[in-house]
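Spelled out, the chains give:
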Amino acid sequence: MSKVGIIGGSGLKRLSTLEITRREVVHTPYGEPSAPLTHGVLEGREVVFLPRHGAGHTIPPHKVNYRANLYALREVGVTRVISMAAVGGITTQLAPGQICIPDQLIDYTWGRAHTYVEGDLASVTHVDFTEPYDGALRQGLLAAALDSGEPVVDGAVYATTQGPRLETAAESHM
């Protein structure tokens, strides 16, 4: 069974039901992750939690070291990552507090490194991003939400912007 990493955002700074087993500082070639990794057990499953904005929720979105965060999780054996976020919606079909499992994304970010594929490459490397989310993991999340009785929306487009600003009305309309 794969080890799951959970990255919390503004809406999830900690997991109240996580039985913490240890905390670990991981150094990476990309700098420091947002916080020490918190290892623990959640509903009988070993997980690793990392608050994206830092332990004190002090790192703004445009300053998060995303590559260090993912590298650190990989270093401790995480093979699947669930990232939680409290986001705004641009459709009346999604109410505040509703769970949504997106299936596509639009990336409006700029000026940050987007890949580990760099350096002295022997040939051009392309990364297929047609299906940006793991299908099996999405199905597991959908099943878990349904099992819990929580209403869940299957499929949406997650649009991410550079931050700390939010999207303009025109960007949201696009």
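Use the structure listed above.
Cut-off values and rules
Residues numbered from 1 in each chain as written. Predicted model: local features only at pLDDT ≥ 70, side-chain atom pairs only at ≥ 80, totals over all residues. Heavy atoms only, no water. Helix = DSSP H or I, 4+ residues; strand = E, 2+ residues; numbered from the N terminus. Rg over C-alpha atoms; globule rule 2.2 N^0.38 Å. Phe/Tyr/Trp six-rings, centres within 6.5 Å; stacked < 30°, edge-to-face > 60°. Buried < 20%, exposed > 50% of the residue type's maximum accessible area, 1.4 Å probe, protein only. Salt bridge = Lys/Arg side-chain N within 4 Å of Asp/Glu carboxyl O. Contact = heavy atoms within 4.5 Å. Patch = residues over 30% accessible without salt bridge, like charges linked within 9 Å, V, L, I, M, F, W, Y side chains within 5 Å. Areas by Shrake-Rupley, 256 points an atom, 1.4 Å probe, with all protein chains shown as cover. Expected span 1.5 Å × (residues − 1). Arc of directions from axis to C-beta. Polar contact = N/O pair within 3.5 Å; in protein donor to acceptor, adjacent residues only side chain to side chain. Pairing = 2+ DSSP bridges. Axes fitted to C-alpha atoms, helices over the stretch in contact; angles between N-to-C directions.

1. Overview of the overall build of the protein chain
Working step 1: Check the secondary structure of the protein chain and you find three helices and nine strands.
Working step 2: Overall, the protein chain shows an N-to-C arrangement of helices and strands of β-β-β-β-α-β-β-β-α-β-β-α.
Working step 3: By the compact-globule yardstick of 16 Å for 174 residues, the protein chain fits well, its C-alpha radius of gyration being 17 Å.
Working step 4: Dimensions of the protein chain, computed from the C-alpha atoms along their principal axes, are close to 45 × 40 × 30 Å.

2. Structural notes on the packing of aromatic side chains
Working step 1: Applying the stated criterion across every chain, the model contains one aromatic pair.
Working step 2: With a centroid separation of 5.6 Å and an interplanar angle of 65°, the aromatic rings of Y30 and Y71 are classed as edge-to-face. Taken together, the residues Y30 in the loop between strand 2 (19-24) and strand 3 (37-42) and Y71 in helix 1 (residues 66-75) connect sequence positions 41 residues apart.
Working step 3: For Y30, a relative accessible area of 25% gives the class partly exposed.

3. Things to note about the pattern of salt bridges
Working step 1: The final tally for this structure, using the stated rule, is five salt bridges.
Working step 2: Note that D134 and R80 form a salt bridge whose closest N and O atoms lie 3.1 Å from each other. With D134 in the loop between strand 7 (104-107) and helix 2 (135-148) and R80 in strand 5 (residues 78-83), the pair connects residues that are 54 residues apart, well separated along the chain.
Working step 3: D154 serves as the salt-bridge partner of R138, at 2.8 Å between the closest nitrogen and oxygen. Here R138, found in helix 2, pairs with D154, found in strand 8 (residues 152-154); they are 16 residues apart in sequence, far enough to count as distant.

4. Points about helix 1
Working step 1: Within the sequence span of helix 1, burial applies to R67, A68, N69, Y71, A72 and L73.
Working step 2: Its buried side turned inward, helix 1 meets strand 1 (3-8), strand 3, strand 4 (45-51) and strand 5.
Working step 3: Of the residues flanking the end of helix 1, it is G77, one or two places downstream, whose phi is positive at about 95°.

5. Let's talk about a nonpolar patch on the surface
Working step 1: Judged by side-chain polarity, L70, V81 and Y116 come together as a nonpolar surface patch covering roughly 230 Å² of accessible area.
Working step 2: By the element assignment, Y116 lies in the loop between strand 7 and helix 2.
Working step 3: When its relative accessible area of 36% is taken as the criterion, Y116 is described as partly exposed.

6. Digging into helix 2
Working step 1: In a regular helix each residue adds 1.5 Å, so 14 residues correspond to 20 Å; helix 2 covers 20 Å between its end C-alpha atoms and thus fits that length.
Working step 2: Within the span of helix 2, buried status applies to L137, R138, L142 and A145. Taken end-on, helix 2 shows its buried residues confined to a sector of 140°, consistent with a single buried face. Turned more than 90 degrees away from the buried face of helix 2 sit A136 and D147, all of them exposed.
Working step 3: Two or three places before A136, at the start of helix 2, stands the capping residue D134, its side-chain oxygen 3.1 Å from that residue's backbone nitrogen.
Working step 4: Backbone geometry just downstream of helix 2 places G149 in the positive-phi region, at approximately 85°.

7. Digging into the sheet that holds strand 4
Working step 1: Here five strands make up an open sheet; going across it, the order is 2-3-4-1-5 and the pairing mixed. Of all strands in the sheet, those bounded by a partner on one side alone are strand 2 and strand 5. Averaged over all neighbouring strand pairs, the angle between strand axes comes to 30°, with direction disregarded.
Working step 2: Bridge analysis of strand 1 against strand 5 gives five bridges, and the strand direction is parallel. By the bridge assignment for strand 5, G5 is matched with V81.

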